[in-house]
Amino acid sequence: MENQKYKDLKLGERGAIISMIAYICLSIIKVVIGYMSDSAALKADGLNNTTDIIASIAVLIGLKLSQRPPDKDHGYGHWKSETIASMVASFIMIAVGIQVLIDAIASMFQGGKESPDIIAAYVGMVSAIAMYFVYRYNKKLGGKINSKAVMAAAKDNLSDAWVSIGTAVGICGSQLNMPWLDTVTAIIVGLLICKTAWDIFKQASHELSDGFDENKIQLYQEVITNVDGVKGIKEIKGRNYGNNEVIDVVILVHSTLDIREAHDIATHVEKVMITNYGVYDVHVHVEPN
């Protein structure tokens, strides 16, 4: 099972690499066309993508570090590197979101400018379509390997698709003598990026502080209680190592059982949780009742 986990992390690198390649290509195209068409919005979108390259590199590094086996000062392995990568990505996203909002608000106080060439809008729409397909790929991959870092990358891809749509809408609006549409769209897009970044940060910080889904704890408690030989549960806790769940549980068994019988019940609990619910590791402590 552990080998499969490492293989999944290796597979997850594809998503980060594909995102990185897409961002490099799109940022070059947007900055070049932005200058050629005199589109400040497209140039800003291109610079936005350069920060996404850094986020993709952070995710890739996190996935690579997570694959390192346990060592002397990391007895539980390096699984949390993946979650740290998600948090780093959220910081970069929120910085970009705030910058988009600042630029949009600042544009309200700028004088009128000539409308950029319509080719800038076409580039924005093509970019949005490309990022949507990258988003779909990473979302599918992240779900398949249960990788929070890849899912965070997918959310970043979707946010960038929205940014490009906003860029295209704003440029088209300026062509129709509606310059205010550029500002309104940019503010909406900036808020959307910040909201996505906050959701990723909230989940990552929750897991790094050993938070765990209460509904899952309730489910696992019911499952373990129904295992033959378990009279009750004194205590149950859960935590995450990257995309791996670890459960600590104290079960109550009949006081007349010998050590071997109590051990067999604990082993059965471990097998049920690992085999049926995909829990990475289960620590079972037995107490007589």
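Description of the structure in this document. (Residues numbered from 1 in each chain as written. Predicted model: local features only at pLDDT ≥ 70, side-chain atom pairs only at ≥ 80, totals over all residues. Heavy atoms only, no water.)

Section: the packing of aromatic side chains
As a reminder, the rule being used: Geometry of aromatic contacts follows a simple scheme: Phe, Tyr and Trp rings, the Trp one being its six-membered ring, pair when their centres are within 6.5 Å, and the pair is stacked under 30 degrees between planes, edge-to-face over 60, tilted otherwise. Numbering of helices and strands runs from the N terminus; a helix is a DSSP stretch of H or I covering at least four residues, while a strand is a stretch of E covering at least two. Only protein chains enter the accessibility calculation, which uses a 1.4 Å probe. A residue is then buried if its area is under 20% of the maximum for its type, exposed if over 50%, and partly exposed in between.
Tallied over the full model, the rule gives five aromatic pairs. Pairing Tyr220 with Tyr277 gives two aromatic rings, centres 5.9 Å apart and planes at 70°, and the pair type is edge-to-face. A residue pair is termed long-range when its members are at least 10 positions apart, and Tyr220 in helix α7 (residues 214-225) and Tyr277 in helix α8 (residues 259-277) qualify at 57 residues. Under the relative-accessibility criterion, Tyr220 is labelled buried at 3%.

Focus on α8
Applicable threshold: By definition here, a helix of n residues has an expected span of 1.5 Å times n minus one. Our arc is simply the arc of the directions from the helix axis toward the C-beta atoms. Polar contact criterion, stated in full: a pair of N or O atoms within 3.5 Å, where within protein one must be able to donate a hydrogen and the other to accept it, and residues adjacent in sequence count only if both atoms are side-chain atoms.
Over its 19 residues, α8 extends 27 Å from the first C-alpha to the last, a length consistent with the 27 Å expected when each residue adds 1.5 Å. Considered for burial, the residues of α8 that qualify are Ala262, Ile265, Ala266, Val269, Val272 and Met273. All buried residues of α8 lie within an arc of 120° about the axis, which places them on one face of the element. Summarising the geometry of α8, the exposed residues directed more than 90 degrees from the buried face are Ile259, Arg260, His263, Lys271 and Thr275. Between the side-chain oxygen of the N-cap and the backbone nitrogen of Arg260 there are 3.2 Å, and the N-cap of α8 in question is Asp258. Looking one or two residues past α8, Gly278 carries a phi angle of roughly 70°, positive in sign.

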